[in-house]
Amino acid sequence: MSRVLVVEDEAHIAQGLRFNLEAEGYSAEIAGDGESATDRLLHKKEDFDAVVLDIMLPGKDGFSVVSELRAARNYVPVLMLTARSRPEDVLKGFAAGADDYLPKPFDLSILLARLQGLLRRSQWMRAAHSSRVSSTPDLREPGASDPHTVSDFGTFSFAGRTIDFGTLELRTPDNLIHLTLMESELLRHLVRNEGRIVSRKQILEEVWGLHEDTDTRAIDNFVVRLRRYIEDDPAQPRYLLTVRGVGYRFVAKPENE
Ligand code: CA
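These numbers were taken from a predicted model, which means no experiment stands behind them.

**As for the side chain of R200**
Part 1 of the reasoning: Mapped onto the fold, R200 is located in helix α7 (residues 200–206).
Part 2 of the reasoning: Classification of R200 by relative accessible area gives buried; the value is 19%.
Part 3 of the reasoning: A polar atom in the side chain of R200 sits 3.5 Å from the side chain of Y248.

**Focus: the packing of aromatic side chains**
Part 1 of the reasoning: Inspection of every chain in the model, using the stated rule, returns four aromatic pairs.
Part 2 of the reasoning: An angle of 65° between the planes, with centres 6.1 Å apart, marks the rings of F156 and F250 as edge-to-face. You can see F156 sitting in strand β6 (residues 155–158) and its partner F250 sitting in strand β12 (residues 247–250), a full 94 residues away along the chain.
Part 3 of the reasoning: Judged by its relative accessible area of 1%, F250 is buried.
Part 4 of the reasoning: Ring centres of F158 and Y239 lie 5.4 Å apart, and the angle between their planes is 65°; on these two criteria the pair is classed as edge-to-face. Of the two residues, F158 is situated in strand β6 and Y239 in the loop between α8 (217–230) and β11 (240–243); the sequence distance between them amounts to 81 residues.
Part 5 of the reasoning: By relative accessible area, Y239 is classed as buried at 3%.
Part 6 of the reasoning: Through pairs of rings, three or more aromatic residues link up here, namely F156, F158, Y239 and F250.

**Quick notes on the coordination of the calcium ion**
Each pair of donors in an ideal four-coordinate tetrahedral metal site encloses 109.5 degrees, whereas pairs in an ideal six-coordinate octahedral site enclose 90 or 180 degrees.
Part 1 of the reasoning: Around the calcium ion, the protein supplies E8 (OE), D9 (OD), E10 (OE), D54 (OD) and M56 (O) as donor atoms, at distances of 2.1 to 3.1 Å.
Part 2 of the reasoning: Coordination of the calcium ion draws on donor residues from a single chain, spaced E-D-E-x43-D-x1-M in sequence. In this pair, E8 is assigned in the loop between β1 (3–7) and α1 (11–23) and D54 in strand β3 (residues 50–54), connecting sequence segments 46 residues apart.

**Considering the confidence of the model for the chain**
Low pLDDT means the predicted coordinates in that region are not meant to be read closely.
Part 1 of the reasoning: Of all residues in the chain, 82% have pLDDT values of 70 or greater, and the mean over the chain is 84.
Part 2 of the reasoning: Segment residues 132–153: pLDDT under 50, and 32 contacts once partners within four positions in sequence are set aside and those in other chains are kept.

**Some points on the environment of L53**
Part 1 of the reasoning: The topology assignment puts L53 in strand β3.
Part 2 of the reasoning: On the accessibility criterion, L53 (1% relative accessible area) is buried.
Part 3 of the reasoning: In this structure, the C-alpha to C-alpha distance between L53 and L79, residues 26 residues apart in sequence, is 6.1 Å.
Part 4 of the reasoning: L53 has contacts with V7, G62, V65, V66, V78, L79, M80 and L81, leaving out every residue within four places of it along the chain.

**Remarks on the pattern of salt bridges**
Part 1 of the reasoning: Applying the stated criterion across every chain yields a total of 15 salt bridges.
Part 2 of the reasoning: The residue E10 makes a salt bridge to K104 at a minimum N-O spacing of 3.3 Å. Placement of E10 in the loop between β1 and α1 and of K104 in the loop between β5 (100–103) and α5 (108–130) is noted, with a sequence separation of 94 residues between them.
Part 3 of the reasoning: Residue classification places E10 among the partly exposed positions, given a relative accessible area of 33%.
Part 4 of the reasoning: Put simply, D99 and R70 hold a salt bridge, and the shortest N to O gap is 2.9 Å.

What counts and how
- Position numbers for residues count from 1 along each chain, tracking the sequence in the order it is written.
- Under the rules for a predicted model, residues below a pLDDT of 70 receive no local features and side-chain atom pairs below 80 are neither given nor counted, while totals for whole chains, interfaces and linings still include all residues.
- Only hydrogens and water are set aside; all other atoms, that is, all heavy atoms of the structure, feed into the side-chain values.
- Strands are runs of DSSP state E lasting at least two residues, helices are runs of H or I lasting at least four, and both sets are numbered from the N terminus onward.
- Think of it in three bands: with a 1.4 Å probe and only protein chains considered, a residue is buried below 20% of the maximum accessible area for its type, exposed above 50%, and partly exposed in between.
- Contacts described as polar in this section are N or O atom pairs within 3.5 Å, which, within protein, must combine one atom able to donate a hydrogen with one able to accept it, while residues neighboring in sequence count only if both atoms come from side chains.
- Ring pairs shown here join Phe, Tyr and Trp side chains whose ring centres sit within 6.5 Å, with only the six-membered ring taken for Trp; geometry is labelled stacked below 30 degrees between planes, edge-to-face above 60, and tilted in between.
- Each metal's donors are the N, O and S atoms found within 2.8 Å of it, except that Na, K and Ca use a 3.2 Å limit; water is left out, so coordination can look incomplete.
- One confidence number per residue, pLDDT, is output by the predictor and ranges from 0 to 100.
- Only heavy atoms matter for contacts: two residues are in contact if any of them lie within 4.5 Å across the pair.
- Throughout this description, the term salt bridge denotes a Lys or Arg side-chain nitrogen within 4 Å of a carboxyl oxygen of Asp or Glu.

Here it is, written out as structure tokens:
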């Protein structure tokens, strides 16, 4: 049974969510403010499979909660609830390390679908990670035969960098970077399509699971972050290229090398 922490100060929303999550077979608990959320997750080290995090909280807000988690290397999947669908809130949340977002008021079935998506991805990654020693999980799409797909061990190396999709780690010549689930998923999608143009719409559908209300600027923000991780000069990208008006293209071996 997946254990979900609902961080929300409005009691009727929090209790409604807990009731519905329990009806769907989750175990759900409520933290009424940011301080008690970080206290349970970081100080008491309670184990949750996912966190539904409201941004608008008294005292410590949702942005602070998620950035504290990530700073403490806690990578529990976080679905944040934004009060308005303000792009700047969404981008700020992603920059702080949230994995997905939903504008309030939300439709319960959409929240459950998003939550399931996050849990599926993290369970899949954990399974891939734990079976790395004993077997060779194949992370490729069914039928994929492209030589640039990730290796049997779920890693992909280029230009002195290695992405480990099982542990969500990116090793660069200078750094070891912990990726969030969504950063890793986007990288995996780009790597799978190495050399090919990937449209924003395709990313929305295949990485985010078709969230029609997701602002495509959220994708651009992810790309800005990924460039900070993998490019020598993020302002002059050589690996993660913008294709104007369309989307992005990942190139493992830039020309003129
Ligand atoms: Ca609130």
